[in-house]
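Fold and contact review
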Amino acid sequence: QVQLVESGGGLVQAGGSLRLSCAASGRTFGSYAMGWFRQAPGKEREFVAAITWNGESYHADSVKGRFTISEDNAKTTVYLQMNSLKPEDTAVYYCAAGGAIATIERTYNYWGQGTQVTVSS
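Report on the accompanying structure. Keep in mind it's a predicted model, so treat the numbers as computed, not measured. (Residues numbered from 1 in each chain as written. Predicted model: local features only at pLDDT ≥ 70, side-chain atom pairs only at ≥ 80, totals over all residues. Heavy atoms only, no water.)

With that settled, the discussion passes to the overall build of the protein chain. The helix and strand inventory of the protein chain stands at zero helices and eleven strands. Counting helices and strands in the order they occur from the N terminus, the protein chain gives β-β-β-β-β-β-β-β-β-β-β. For the protein chain, the spread of C-alpha atoms along the principal axes amounts to about 40 × 25 × 20 Å. Relative to its 121 residues, the protein chain shows a buried fraction of 43%. Contacts in the protein chain between residues at least 24 apart in sequence constitute 54% of all its contacts with a sequence separation of at least 6. With the model as given, the accessible surface of the protein chain reaches about 6300 Å², and the carbon-plus-sulfur share is 45%. Of the side chains in the protein chain, 10 bear a positive and 10 a negative charge, and the two mean positions are spaced by 1 Å. (Helix = DSSP H or I, 4+ residues; strand = E, 2+ residues; numbered from the N terminus. Buried < 20%, exposed > 50% of the residue type's maximum accessible area, 1.4 Å probe, protein only. Contact = heavy atoms within 4.5 Å. Areas by Shrake-Rupley, 256 points an atom, 1.4 Å probe, with all protein chains shown as cover. Lys, Arg positive; Asp, Glu negative; His and termini not counted. Charge placed at Lys NZ, Arg CZ, Asp CG, Glu CD.)

Dropping the structure here:
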């Protein structure tokens, strides 16, 4: 009954910006984290960013200083502001909710369908 709805993906030139959003419905998640993961062709899915519902945030070294995760006051929508995009950021980006450990993929219980982000040179 939990549903995650993603938006904001698309095609952008290197150096540009995108903002992804993910809205959760169907239940509340208490103190569990929400986050973003990505998977590029031929690679494993990797952690990008996460935020706990008391506002503590985490960012992968590969995106630190360029990407910022945030959430709304109701803690049902999470955002990923992506600046200074690089071609290597091209991937399918997945929203996740219910994370028992914010940076650990296998602890998340709910996942969106993914949204494509493509960064051209």
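So much for the structure itself; the text now carries on.
Another aspect to go through is the pairing of strand E9 (residues 91-99). On a regular strand, one side chain projects to one face of the sheet and the next to the other, so that they alternate. Counted residue by residue, E9 has eight buried out of nine residues, so it is predominantly covered. Pairing analysis gives seven bridges linking strand E4 (residues 33-39) to E9, with the strands arranged antiparallel. Bridge assignment links Met34 to a residue of E9, and that residue is Ala97. Inspection of the sheet shows E9 paired to strand E11 (residues 115-120) by three bridges, in the antiparallel sense. Pairing of Ala91 across the sheet is with Val117, part of E11. Looking at chain direction, E9 and strand E10 (residues 110-111) are connected through two bridges and run antiparallel. (Pairing = 2+ DSSP bridges.)

For the rest of this paragraph, the subject is the side chain of Thr115. Mapping Thr115 onto the fold places it in strand E11. Setting aside residues no more than four positions away along its own chain, Thr115 makes contact with Glu6, Gly9, Leu20, Ala91, Val92 and Tyr93.

What follows concerns the sheet that holds strand E3 (residues 18-25). On the basis of which strands lie adjacent, the open sheet formed by four strands has the order E1-E3-E8-E7 and antiparallel pairing. Sheet topology places strand E1 (3-7) and strand E7 (67-71) at the edges, where each strand pairs with a single neighbour. For this sheet, the mean angle separating the axes of adjacent strands, direction not counted, is 15°. Pairing geometry for E7 and strand E8 (residues 77-82), over five bridges, is antiparallel. Bridging from a neighbouring strand, Phe67 pairs with Met82 of E8. (Axes fitted to C-alpha atoms, helices over the stretch in contact; angles between N-to-C directions.)

A separate point is the state of the cysteines. Applying the stated rule across the entire model yields one disulfide. In this model, Cys22 is linked to Cys95 through a disulfide, with the two sulfur atoms separated by 1.9 Å. The S-S bond linking Cys22 to Cys95 shows a torsion near -80°; that makes this disulfide left-handed. Of this pair, Cys22 sits in strand E3 while Cys95 is found in strand E9, placing the two residues 73 residues apart along the sequence. Neither residue differs from the other here; Cys22 and Cys95 are each classed as buried. (Disulfide = S-S within 2.5 Å.)

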